[in-house]
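Coordinate analysis (summary)
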Amino acid sequence: MTIRRRCGRGIHSLRGQLTLANVALLALGIVVATVVSLMAMRTYLLDSVDTQLMATRESIGDSKLTLKQVDSLSALAAVRARVSPTPSDKDADADSWVQDGIFVAVDDQGRPTPIGPFQPTEIQRALAAAVDDPAALTVDEEAHDLKLDDTPYRVTAAPLADGTTVLMARSTGSVHEVIRKAVALDFFVGALLLALLCVLTMLSVRRRMRPLEDMVETSSAIAEGDLTRRVPSSRHPTEEVEQLRLALNSMLHQVESAYRTRERSAAQLRRFVADASHELRTPLSAIRGYLQLYDKGMLRDPEQRKRAWDRMNGEADRMGRLVDELLTLARLDQQPELRFKNVDLSRLVRDAAEDLRAQQPDRPVKVDADGALLVQADESGLRQVLGNLVGNVRTHTPADIPATLALERQDGTVRLRVADEGPGLAEEDAARIFDRFFRAGGGAGSGLGMAIVQGVVTAHGGEVAVRTAPGKGLAVTVTLPGRTRGDGSLGG
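Not measured: the values here are computed from a predicted model.

Once that is clear, we can look at the overall build of the protein. Helix and strand counts for the protein stand at twelve helices and twelve strands. Burial status across the protein gives 35% buried among its 492 residues. For the protein, the share of sequence-separated contacts (at least 6 apart) that also reach a separation of at least 24 residues comes to 65%. Surface accessibility of the protein: about 29600 Å² in total, with carbon and sulfur atoms responsible for 54%.

See below:
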């Protein structure tokens, strides 16, 4: 449950961090784009105002007019407005020289002078008072900023032919108003985009983070004991998340396999200890019983003492063989370094067949191992494998049942087959034939022979297979690598 709480949806979660990062980047982009676009717009609009002012100044300078000529032109404009007024002439005055602006003539002291019948207005007087050096404006190559009654203006000046200076100013309030509206619109659209991006990012990140949440849920389930859980595949996985999912599932499979193997090994160890204790307790109990009889003087008859002695020797031999087999299995579990050399496996097979014929003369034994077949192996280990396989035939089948020992080389491997035509094994018994201390039907033997066979063959890099069925006998096939010293080929 602790793991699940860590996958919150707060500001410190990965989802929140990604959303904040995207929103912050977009906000920064919007601010930068707005600032750049507004600066470009302001520069363009002010350049348009300055262009008109400079064009008017050049027109006045090129006309070579004097103040008296300007007075005459202004008077003529006034008469025209009274005689035949038009909508454009009703408000005609000296300011008509500059559209949407202020036009005022000043003397060499910077005082405004009348133009024709028109006396300077308050705004014209304010313009004249605001300019410290009108003559300097006539030579400046660009207009200057000026504020009159909290209204921004761009101002320049032009000289008349008689030395009078004309101040011209044009309001830039509309420019600033446009910029203010553009700023408001940009920030409104930007805020809308940020909100939309925030929602889309949260939805997208939620969909993209779903595989990670599945991984957290899977890990929590495994921590609670469900080792079979795996991270499911998402509908539209990204490459990195899919790689992580596959790696995590592979790791979980390894963890489950290791856990199952450990549990199985622990169970086998417990069963092994119990079986070993049981196998050793039986002969020990028999020996202890005979010793107690002897100690109490109950074995007075020499024949009874001899029989007790033989029984104790037999049980001691049984314990010795059991201990030897346990030591062999323990040595194989430690993966010892075997003494590999070229071994003629055909000769070992023929020797095992001769031993079986000597011990059971009535048993038909067929041997298919002519010539020489060399393998690089541990000779004592292979002799033990053959001895255990032949011993199973001798112990678990009647003495008149045929047995077959065959050896062949195929596809770079060597196959040894020991088969009989005895009663065979049931399917559930065949599945446990390599378990330690397993004896089908509680038969004779220690139950370690086939486990030793498998251990020795595995140490040689080979495999053991069993084919059996009730009433169809038992066939054990040992497959060994067919390598030899020298050129690596098999001798034959």
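That covers the picture; the talk isn't over yet.
Looking now at the nonpolar core. Considering soluble globular proteins, one finds that nonpolar side chains tend to be buried as a cluster. Within the largest apolar cluster, 37 residues are counted, with the highest numbers of intra-cluster contacts made by L345, V349, L382, L389, L405, L407 and V478. Broken down by secondary-structure element, the contributors of at least two residues to this core are helix 9 (345-359), strand 8 (374-377), helix 10 (379-396), strand 9 (403-410), strand 10 (413-420), helix 12 (449-459) and strand 12 (474-481). Beyond its immediate sequence surroundings of up to four residues, V478 is in contact with V385, L389, V414, R415, L416, V457, E463 and V464. Grouped together as the second largest cluster of nonpolar side chains are 18 residues, F103, M168, V175 and A182 included.

The sheet built from five strands is open, its strands ordered 2-1-5-4-3 with antiparallel pairing. Because the sheet does not close on itself, it has two edges, and the strands there are strand 2 (112-113) and strand 3 (144-148). Here six bridges tie strand 1 (residues 101-106) to strand 5 (residues 165-171), and the two strands are oriented antiparallel to one another. Bridging across to strand 5, G101 finds its partner in R170.

Next up on the list: helix 12. G449, M450, A451, I452, V453, V456 and V457 are the residues of helix 12 that are buried. Where helix 12 ends, the next residue or the one after it, G461, has phi of about 80 degrees, a positive value.

Our next topic: the side chain of R57. Residue position: R57 is located in helix 2 (residues 14-63). Salt bridges are absent for the buried R57, whose nearest opposite-charge side chain, E58, sits at 6.2 Å. When residues no more than four places from it in sequence are discounted, the contact partners of R57 are L137, T138, V139, D140, E141, T156, A157, A158 and M168.

Of note, D149 is a non-glycine position whose phi angle comes to about 50 degrees, a positive value. By the secondary structure assignment, D149 is in the loop between strand 3 and strand 4 (151-159). With phi around 65 degrees, D150 is a residue other than glycine that occupies positive phi space. With relative accessibility at 70%, the residue D150 sits in the exposed group.

Of all six residues in strand 1, six are buried, a share of seventy percent or more. What you see with strand 1 is no split at all: G101, F103 and A105 on one side and I102, V104 and V106 on the other are buried throughout. Linkage of strand 1 to strand 2, two consecutive antiparallel strands, is achieved through a turn of five residues, within which G110 is found at a positive phi near 85 degrees.

On to the pattern of salt bridges. Using the criterion set out here, one finds twelve salt bridges in the structure. Between R262 and E263 there is a salt bridge, and its shortest N-O distance comes to 3.9 Å.

Taken together, the five strands give an open sheet; going across it, the order is 7-9-10-12-11, and neighbouring strands pair in mixed fashion. With partners counted over all chains shown, the strands left at the sheet margins are strand 7 (365-368) and strand 11 (463-468), one partner each. When strand polarity is set aside, the average angle formed by the axes of neighbouring strands in this sheet is 15 degrees.

A word on a nonpolar patch on the surface. A cluster of nonpolar residues, L185, F188, V189, L192, L193, L196, V199, L200 and L203, forms a patch on the protein surface that exposes about 870 Å² of accessible area. Position of L193 relative to the elements: it lies in helix 6 (residues 173-223). By relative accessible area, which is 39% here, L193 ends up partly exposed.

Quick look at helix 4 (residues 122-130) now. For an α-helix the count is 3.6 residues per turn, leaving residues at separations of three or four pointing the same way. Turning to helix 4, its buried residues are Q124, L127 and A128. On an axial view of helix 4, the arc spanned by its buried residues comes to 95 degrees, and they lie on one face. Those residues of helix 4 that are exposed and angled more than 90 degrees off the buried face are E122 and A129. Along its buried surface, helix 4 packs onto strand 1, strand 2, strand 3, strand 4 and strand 5.

What counts and how
Residues numbered from 1 in each chain as written. Predicted model: local features only at pLDDT ≥ 70, side-chain atom pairs only at ≥ 80, totals over all residues. Heavy atoms only, no water. Helix = DSSP H or I, 4+ residues; strand = E, 2+ residues; numbered from the N terminus. Buried < 20%, exposed > 50% of the residue type's maximum accessible area, 1.4 Å probe, protein only. Contact = heavy atoms within 4.5 Å. Areas by Shrake-Rupley, 256 points an atom, 1.4 Å probe, with all protein chains shown as cover. Core = buried A, V, L, I, M, F, W, Y, C linked by side-chain atoms within 4.5 Å. Pairing = 2+ DSSP bridges. Lys, Arg positive; Asp, Glu negative; His and termini not counted. Salt bridge = Lys/Arg side-chain N within 4 Å of Asp/Glu carboxyl O. Axes fitted to C-alpha atoms, helices over the stretch in contact; angles between N-to-C directions. Patch = residues over 30% accessible without salt bridge, like charges linked within 9 Å, V, L, I, M, F, W, Y side chains within 5 Å. Arc of directions from axis to C-beta.

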